[in-house]
Amino acid sequence: MRPAGILCDLEGTLYSGDAPLPGAAALVPRLRAAGIPFRFVTNTTSRSRRAIAGRPSRMGIHVTPGEIVSAPLAGAALLRGRGHVLVAPFLADEVLED
């Protein structure tokens, strides 16, 4: 059975602390080669997707910012879809880039 797509958490699934979990570095290239759509999800609210992507990339797990869905990004998309505007002076400047 071929999945229609995969959502994968980062911490505890691809890596733990500063170490990749077994098989994690091979996962992303295999998904790309198989043409299976995927995104990495995180509830991190204090860092941009660019910063979040840097951590697994330093471990040899090559993730792009566009492959990450973060809580601030999902919240902004939800509000935008409902015709609302989010003014968030409490968010870190780094997160605002998303």
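Coordinates for the structure precede this section.
Presented here is a report on the structure given in the accompanying data block.

The rules behind these values
Residues numbered from 1 in each chain as written. Predicted model: local features only at pLDDT ≥ 70, side-chain atom pairs only at ≥ 80, totals over all residues. Heavy atoms only, no water. Helix = DSSP H or I, 4+ residues; strand = E, 2+ residues; numbered from the N terminus. Contact = heavy atoms within 4.5 Å. Areas by Shrake-Rupley, 256 points an atom, 1.4 Å probe, with all protein chains shown as cover. Lys, Arg positive; Asp, Glu negative; His and termini not counted. Charge placed at Lys NZ, Arg CZ, Asp CG, Glu CD. Pairing = 2+ DSSP bridges. Axes fitted to C-alpha atoms, helices over the stretch in contact; angles between N-to-C directions. Salt bridge = Lys/Arg side-chain N within 4 Å of Asp/Glu carboxyl O. Buried < 20%, exposed > 50% of the residue type's maximum accessible area, 1.4 Å probe, protein only. Core = buried A, V, L, I, M, F, W, Y, C linked by side-chain atoms within 4.5 Å. Right-handed = clockwise from strand over helix to strand, strands pointing away.

1. Re the overall build of the chain
Next, step 1: A count of helices and strands for the chain gives four helices and five strands.
Next, step 2: Starting at the N terminus and walking to the C terminus, you meet the elements of the chain as β-β-β-α-β-α-β-α-α.
Next, step 3: For the chain, the spread of C-alpha atoms along the three principal axes comes to 40 × 30 × 15 Å.
Next, step 4: For the chain, the share of sequence-separated contacts (at least 6 apart) that also reach a separation of at least 24 residues comes to 72%.
Next, step 5: Of the roughly 6,100 Å² of accessible surface on the chain, a fraction of 59% belongs to carbon and sulfur atoms.
Next, step 6: Averaging the positions of the 11 positive and the 8 negative side-chain charges in the chain gives two centres separated by 8 Å.

2. Here's the deal with the sheet that holds strand 4 (residues 38–42)
Next, step 1: Overall, parallel pairing links the three strands, which are arranged 1-4-5 in an open sheet. Since the sheet does not close on itself, it has two edges, and those belong to strand 1 (6–9) and strand 5 (68–70), each with one partner. Averaged over all neighbouring strand pairs, the angle between strand axes comes to 30°, with direction disregarded.
Next, step 2: As defined by bridge partners, strand 4 adjoins strand 5 across three bridges and the pair is classed as parallel. The residue bridging Val41 from the neighbouring strand is Val69, located in strand 5.

3. Digging into the pattern of salt bridges
Between side chains of opposite charge, pairing is possible as soon as their charged atoms come close.
Next, step 1: Taken as a whole, this structure holds two salt bridges when the rule is applied.
Next, step 2: Salt-bridge contacts for Glu67 lead to Arg32; the nearest nitrogen and oxygen are separated by 2.7 Å. Here the residue Glu67 occupies a position in the loop between helix 2 (49–58) and strand 5, and Arg32 occupies one in helix 1 (residues 24–34), the gap between them amounting to 35 residues.
Next, step 3: Relative accessible area serves as the criterion here: at 9%, Glu67 is assigned to the buried category.
Next, step 4: Relative accessible area serves as the criterion here: at 38%, Arg32 is assigned to the partly exposed category.

4. Considering the nonpolar core
Next, step 1: Of all hydrophobic cores here, the largest spans 16 residues; its most connected members are Leu10, Leu14, Val28, Phe40, Ile61, Val63 and Ile68.
Next, step 2: Elements with a contribution of two residues or more to this core: helix 1, strand 4 and helix 2.
Next, step 3: Among the elements that make up this core, the one with the highest residue count is helix 1 (three residues).
Next, step 4: Those residues in contact with Ile61 that sit more than four places away from it in its chain are Leu14, Pro20, Ala24, Ala25, Val28 and Pro56.

5. Things to note about the pairing of strand 4
Next, step 1: The two faces of strand 4 differ: Phe38, Phe40 and Thr42 on one face are buried, but Arg39 and Val41 on the other face are not.
Next, step 2: Bridge count between strand 1 and strand 4: four bridges; the pairing is parallel. If you follow Asp9 over to strand 4, its bridge partner there is Val41.
Next, step 3: Between the parallel pair strand 4 and strand 5, the chain is carried across by helix 2, and the sense of this crossover is right-handed.

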